[in-house]
Amino acid sequence: MKNLKRSDGFTLIELIVGINLAFLGITFLISFFLIINKTFHNTLEKNSKVNEFYTVLNLMENKINSINILRASSEGNKITLSSDSEQILVIAPDSLILKDNFTLYISDLSTVVNFRDGSAIKIKDGLLSKEKVAFKYQGENQVEFVQLQFNKFGTLHNLIYSPKVYSLRKFVNIE
C-alpha cells in the first residue's frame, strides 16, 4: 500500500479559514465604501443647501441695491419691501420670501428696517414692533437700510442692505 499522506496542498481547515478571512476582508472594504459614500452624499446635500441659501441672499442683495427708492410696509407680523412698481421681499419672523418665489426658512431672525425720517420697524423673537412710525405723506416710507441678523449653518449672519443712493454732489472742485 502506498502512503496517502502528502503535503502538496491545503487541508480543508486551511481552505475554510482562508475563505473566511477573505470574506471578512471584503466585508470591511464594503463597510468602508458605504460609510464614505454616505458621508459624501450628506456633504453634497449640505453644500447644495448652503449654495442655494447664499444664492438667494445674493439675489436679494442685488435686487435691493439696484433700486432707487425702497419702500416698506407692515401687515400683521410681516414686513413687505417694495419699489414703486413691484414687491421685492416679504420678511416674516421665520422666513424671507423673495418676489421670484424663493423662500429662505430661518430661525431666530431679527430684522430692522430704518426709514429716512429716523423711524423703524423691527421683528425680534417673532414680534413686530414700530418705533416712531407715523407717515403723513406717501413718500415718507422710504427705507434707508434693512438689517437682517440670523443664525444659519452654525454661523451668525449680520447683513445690511440699502437701496442705491445717488449723490447730489456729483462734481467736486468745479470752478
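The coordinates are above.
Residues numbered from 1 in each chain as written. Predicted model: local features only at pLDDT ≥ 70, side-chain atom pairs only at ≥ 80, totals over all residues. Heavy atoms only, no water.

**Brief notes about the pairing of strand β7 (residues 120-124)**
Worth spelling out the cut-off: By this definition, two strands are paired if DSSP reports at least two bridges between them. Every helix listed is a DSSP run of H or I at least four residues long, and every strand listed is a run of E at least two residues long, numbered separately from the N terminus.
Here strand β6 (residues 110-115) pairs with β7 via 4 bridges, running antiparallel. Bridging from a neighbouring strand, Asn114 pairs with Ala120 of β7. Between the antiparallel neighbours β6 and β7 lie 4 residues, among them Gly118 with a positive phi of about 95°.

**Thoughts on the sheet that holds strand β5 (residues 103-105)**
Using the following cut-off: Fitting a line to C-alpha atoms yields each axis, with helices limited to the stretch in contact; the angle taken between N-to-C directions then spans 0 to 180 degrees.
One open sheet holds the 5 strands; their spatial order is β1-β2-β3-β4-β5, and the pairing between them is antiparallel. With one partner strand each, in any of the chains shown, β1 (71-75) and β5 form the two edges of the open sheet. Pairs of neighbouring strands in the sheet enclose a mean axial angle of 15°, with direction left out of account. With 5 bridges joining them, β1 and strand β2 (residues 78-82) adopt antiparallel strand pairing. Bridge pairing links Arg71 to Ser82 in β2.

**Details of helix α1 (residues 12-65)**
Counted only if it meets this: One less than the residue count of a helix, multiplied by 1.5 Å, gives the span that helix is expected to have. Residues count as neighbours in contact if any of their non-hydrogen atoms are within 4.5 Å of one another.
Between its terminal C-alpha atoms α1 stretches 79 Å, which fits the 80 Å expected from 54 residues at 1.5 Å a residue. In this fold, the buried residues of α1 make contact with β2, β3 (87-92), β4 (95-98), β5, β9 (143-152) and β10 (155-161).

**A short note on the nonpolar core**
Within soluble globular proteins, side chains that are nonpolar generally end up buried alongside one another. The cut-off we apply is this: Each nonpolar core is a collection of buried residues, namely Ala, Val, Leu, Ile, Met, Phe, Trp, Tyr and Cys, held together in the definition by side-chain atoms within 4.5 Å. Relative accessibility decides the category of a residue: with a 1.4 Å probe and only protein chains considered, values under 20% of the type maximum give buried, values over 50% give exposed, and everything between is partly exposed.
The biggest cluster of nonpolar side chains holds 28 residues, and the ones touching the most others in it are Met60, Leu81, Leu89, Ile91, Leu96 and Leu148. Elements that contribute at least two residues to this core include exactly α1, β2, β3, β4, β6, β7, β9 and β10. No other element matches the 5 residues that α1 contributes to this core. When near neighbours in sequence (up to four residues on either side) are disregarded, Met60 contacts Leu89, Leu96, Leu98, Leu148 and Tyr161.

Spatial relationships are all this shows, so hold off on functional conclusions.
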